[in-house]
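Each chain, written out:
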Amino acid sequence: EPLLLVVDDIDDTRYTLTGSGAVSVAGLQAGGIGTIAAGSGVDTLAGGSAGIGWTLTGASSVGALGIASTGVEKITGAGTSDTLMAPAATTFTLDGTDHHVSALGVAATGIGAINGTGAANALVGSSASTIYTLNGANDVTAANIRAIGIGTITANGEAGVLAGPAATNYTLTG
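Since we're looking at a predicted model, the values are computed, not measured.

### Notes on the overall build of the protein chain
- Secondary structure assignment for the protein chain yields zero helices and 21 strands.
- Sorting the 174 residues of the protein chain into buried and exposed places 38% on the buried side.
- Contacts spanning at least 24 positions in sequence make up 65% of the contacts within the protein chain whose residues lie at least 6 apart.
- Total accessible area computed for the protein chain in this model is approximately 8,400 Å², and 53% of it derives from carbon and sulfur atoms.

### Some remarks on the sheet that holds strand S14 (residues 106–109)
- What the ten strands build is an open sheet, ordered S4-S3-S2-S6-S10-S14-S13-S12-S16-S20; its pairing is mixed. Across the chains shown, the open sheet's two edge strands, defined by having one partner strand only, are strand S4 (28–30) and strand S20 (152–154). Neighbour-to-neighbour, the strand axes of the sheet open up by a mean angle of 20°, direction not taken into account.
- Bridge count between strand S2 (residues 14–19) and strand S6 (residues 44–47): four bridges; the pairing is parallel. Pairing of Arg14 across the sheet is with Thr44, part of S6.

### Considerations on the nonpolar core
- Within the largest apolar cluster, 35 residues are counted, with the highest numbers of intra-cluster contacts made by Val23, Ile36, Trp54, Leu84, Phe92, Val101 and Leu123.
- When sequence neighbours within four positions are dropped, the list of residues in contact with Val23 reads Leu5, Tyr15, Thr16, Leu17, Thr18, Leu28, Gln29, Ala30, Ile33, Ile36 and Ile67.

### Considering the pattern of salt bridges
- A full pass over the atoms with the stated rule returns one salt bridge.
- Linking Arg146 and Asp139 is a salt bridge whose minimum nitrogen-to-oxygen distance equals 2.5 Å.

### Considering the environment of Ile52
- For Ile52, the position within the fold is in the loop between S6 and strand S7 (53–58).
- The sequence separation of Ile52 and Leu17 amounts to 35 residues, and the corresponding C-alpha distance is 9.6 Å.
- In this structure Ile52 touches Gly47, Ala64, Leu65, Asp82 and Thr83, once residues within four positions along its chain are discounted.

### A closer look at unusual backbone geometry
- Positive phi, normally seen in glycine, also occurs at Leu65, with a value near 50°.
- Secondary-structure assignment places Leu65 in the loop between strand S8 (61–64) and strand S9 (67–70).
- Exposure remark for Leu65: the relative accessible area of 32% places this residue in the partly exposed category.
- Non-glycine residue Asn138 carries a positive phi angle of around 55°.
- Within the element layout of this structure, Asn138 appears in the loop between strand S17 (131–136) and strand S18 (139–142).
- Since its relative accessible area comes to 35%, Asn138 is described here as partly exposed.

Conventions used here
- Residues numbered from 1 in each chain as written.
- Predicted model: local features only at pLDDT ≥ 70, side-chain atom pairs only at ≥ 80, totals over all residues.
- Heavy atoms only, no water.
- Helix = DSSP H or I, 4+ residues; strand = E, 2+ residues; numbered from the N terminus.
- Buried < 20%, exposed > 50% of the residue type's maximum accessible area, 1.4 Å probe, protein only.
- Contact = heavy atoms within 4.5 Å.
- Areas by Shrake-Rupley, 256 points an atom, 1.4 Å probe, with all protein chains shown as cover.
- Pairing = 2+ DSSP bridges.
- Axes fitted to C-alpha atoms, helices over the stretch in contact; angles between N-to-C directions.
- Core = buried A, V, L, I, M, F, W, Y, C linked by side-chain atoms within 4.5 Å.
- Salt bridge = Lys/Arg side-chain N within 4 Å of Asp/Glu carboxyl O.

Now the structure itself:
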């Protein structure tokens, strides 16, 4: 049966996922982990390798590599090819830096793709000038993150640019 990992009395803990059910934390290696219950402070889940699929399951709750985590405020990918997934009606917010996005109380870096669940998901730009490139239906690239399953794009300011393939019809509302 998978174990529950609780690190108590350490603020700002970094949990590095090193494999399926495997975690490195505070200089210790642990295997057979099914759940991480993060404590106080700003806790980070870090990828030990690139290409991890991170699933946001609720506010500050993340699943990856067979481990469910609660109380997490940050995800640090090991490159720029990690994927962030979330439930329907999630708003993903860009912070103005390539491969950085936040949603459901978790700030993530090293993200190369967002896999939304449909038209109820939204992508919100930073206050910086953001270029949104339409790739197809519910498919947009911004801040070097390809986001599929996105129904709404909101530029946060007047500097956003919308680009898409030729002969495409756009409907702007607002």
